[in-house]
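Descriptive structure summary
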Amino acid sequence: MREDQIYWVALNRVKGIGAVRLRSLLDHFGDAQAAWEAQPGALAAAGLTPILIDSLVEVRQQLDLARLAEELDKHHIQVLTWQDENYPRRLSEIDQSPPILYVRGELQTDDEWAVAVVGTRRISRYGRQVAEELGAFLAHHGITVVSGLARGVDAVAHQAALNAGGRTLAVMAHGLDTVYPNEHRGLAEGIMQQGALISDYGVGVPPDSLNFPPRNRIISGLSIATVVVEAGQTSGALITADFAVEQGREVFMVPGNIYAPSSKGTNRYIQQGAQPLLHFDELLQVLDLTQITQHKTARVVLPENSTEALLFGLLGHEPLHINEIGALAEMPIHQVSSTLALMELKGLVRQVGGMSYVAARELPAEYNVEAKTE
């Protein structure tokens with residue numbers, strides 16, 4: 001873990017400092033360390049209320065940063081912040097994306113092609129069959145399965161993806177030093193081998209019913225689309241679907257028996273205009289995922305012309321605003337914008353918010369960027 005990340009983790013422990021307030025603190029102080037170490041007067045000038053200032057000061061007095069870092073290392077938990085280039089791109093695009101993610105396992109660029117599969121904990125035989133076949137189908141097509149490690153549909157979809165040799169991500173509603181439910185420890189180990197456990201809750205945060213609805217925005221935010229296999233009328237899976245709609249992502253509902261309580265929620269959504277999933281191929285067609293192999297191949301190409309090479313040569317690990325890039329390249333903004341968009345598709349660059357970009361990966365040593373600009 002980088003030294004600066006521990007201050008993000010520390011601020012994450014202060015109740016009331018979420019995405020909006022943290023963004024404000026970063027804008028005011030410049031970085032997380034300065035915000036964490038600021039005196040009450042400076043915090044007030046940054047817009048924090050007296051209650052929040054007292055809360056931050058109390059946490060600061062009680063928290064041992066070195067011990068906290070050791071705890072993260074002990075559980076092999078990685079930390080990703082808004083400013084990290086490997087923060088999931090699709091998640092960064094949603095409103096109020098989580099400032100910090102805790103990860104056990106490995107996130108890969110290919111996980112951008114992900115579909116959430118969620119549903120009831122009280123899964124029926126029909127729901128189990130659909131979740132198993134859908135999880136395997138997505139895995140066979142190179143699509144990462146995202147879910148919440150809950151009993152029922154979630155667990156079945158995760159396991160099906162693993163059995164098919166695919167990748168899967170589990171978003172937790174508690175700290176990653178524990179696994180809930182306890183009987184899914186073995187499944188969690190498998191997920192860490194072929195994907196990752198993810199949470200925006202720090203170590204030591206226990207499972208709590210209040211945490212589960214908010215984490216669903218991460219499940220949908222990581223995904224191109226959300227598929228609800230089975231859901232009663234008050235199922236948490238429908239909350240995930242609602243978040244997906246708010247985030248501008250596709251939502252599919254698997255139709256079910258009109259007499260089955262576990263299908264009342266999905267059937268009602270279909271009645272209200274949601275897209276029914278009748279054949280898995282429809283999912284690929286609607287999401288334009290039929291060319292997934294070609295998409296992935298496009299992400300490993302090199303800059304193919306002098307313009308791309310020039311822009312790539314200007315970028316590093318520190319974000320550059322598109323206006324700065326245009327000025328340095330002495331190039332019209334519309335040309336910079338269109339070129340960067342294509343380079344982002346290829347995986348050469350990455351937008352990290354606010355129209356700022358970083359290089360997404362290193363080029364082979366034998367590739368000479370300067371030579372390509374001549």
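Structural data are supplied above this passage.
Reference entry: report on the structure contained in this document. (Residues numbered from 1 in each chain as written. Predicted model: local features only at pLDDT ≥ 70, side-chain atom pairs only at ≥ 80, totals over all residues. Heavy atoms only, no water.)

**Considering the side chain of aspartate 200**
Filter applied, for reference: Only runs of H or I of at least four residues qualify as helices and only runs of E of at least two qualify as strands under DSSP, and these elements are numbered from the N terminus. In this scheme, a residue with accessible area under 20% of its type's maximum is buried, one over 50% is exposed, and one in between is partly exposed, where area comes from a 1.4 Å probe on protein chains only. Any N or O atom pair separated by 3.5 Å or less is treated as a polar contact, with the protein-specific requirement of one donor-capable and one acceptor-capable atom, and with residues adjacent in sequence counted only for side-chain atom pairs. The contact rule is simple, with two residues in contact once any of their heavy atoms fall within 4.5 Å.
In this fold, aspartate 200 is placed in the loop between strand S6 (195-199) and helix H11 (212-221). What makes aspartate 200 buried here is its relative accessible area of 14%. Only 3.2 Å separates the side chain of aspartate 200 from the side chain of arginine 217, close enough to count as a polar contact. Apart from the residues within four sequence positions on either side, aspartate 200 is in contact with Asn12, Pro98, Ile100, Leu101, Tyr102, Arg217 and Ile218.

**What about unusual backbone geometry?**
For the bond from tyrosine 180 to proline 181, the omega torsion is -5°, close enough to zero to count as cis. Following the sequence through the fold, proline 181 ends up in the loop between strand S5 (168-171) and helix H10 (185-193). Its identity is not glycine, yet leucine 149 carries a phi of approximately 65°, on the positive side. Relative to the elements of secondary structure, leucine 149 occurs in the loop between strand S4 (144-147) and helix H9 (153-163). The exposure class of leucine 149 is buried, given its relative accessible area of 0%. Here the phi dihedral of glutamate 330 falls at roughly 55°; this positive angle occurs in a residue that is not glycine. Its place among the elements puts glutamate 330 in the loop between helix H17 (322-329) and helix H18 (333-346). By relative accessible area, glutamate 330 is classed as exposed at 74%.

**Details of the sheet that holds strand S10 (residues 320-321)**
To be explicit about the condition: Any two strands between which DSSP finds at least two bridges are classified as paired. A fitted line through C-alpha atoms serves as each axis, taken over the contacting stretch for helices, and the angle formed by two N-to-C directions is quoted from 0 to 180°.
As summarised here, the arrangement of the three strands in space is S10-S12-S11, forming an open sheet in which the pairing is antiparallel. The outermost strands of the open sheet, each flanked by one partner alone, are S10 and strand S11 (349-351). Sheet topology note: the S10/strand S12 (residues 356-359) ladder contains two bridges and is antiparallel. Residue histidine 321 lies in a different strand from S12, and its bridge partner there is serine 356. H18 rests against S11 and S12 of the sheet, and its axis sits at about 110° to S11.

**Thoughts on H18**
What counts, and what does not: By this rule the span expected of a helix is its residue count minus one, scaled by 1.5 Å. This arc is built from the directions going out from the helix axis to the C-beta atoms.
Over its 14 residues, H18 extends 20 Å from the first C-alpha to the last, a length consistent with the 20 Å expected when each residue adds 1.5 Å. By the burial criterion, the buried members of H18 are Val336, Thr339, Leu340, Met343, Glu344 and Lys346. Seen along its axis, H18 keeps its buried residues to an arc of 150°; they face one direction. Of the residues one or two after H18, glycine 347 is the one with positive phi, at around 90°.

That is the geometry; function is a separate question.
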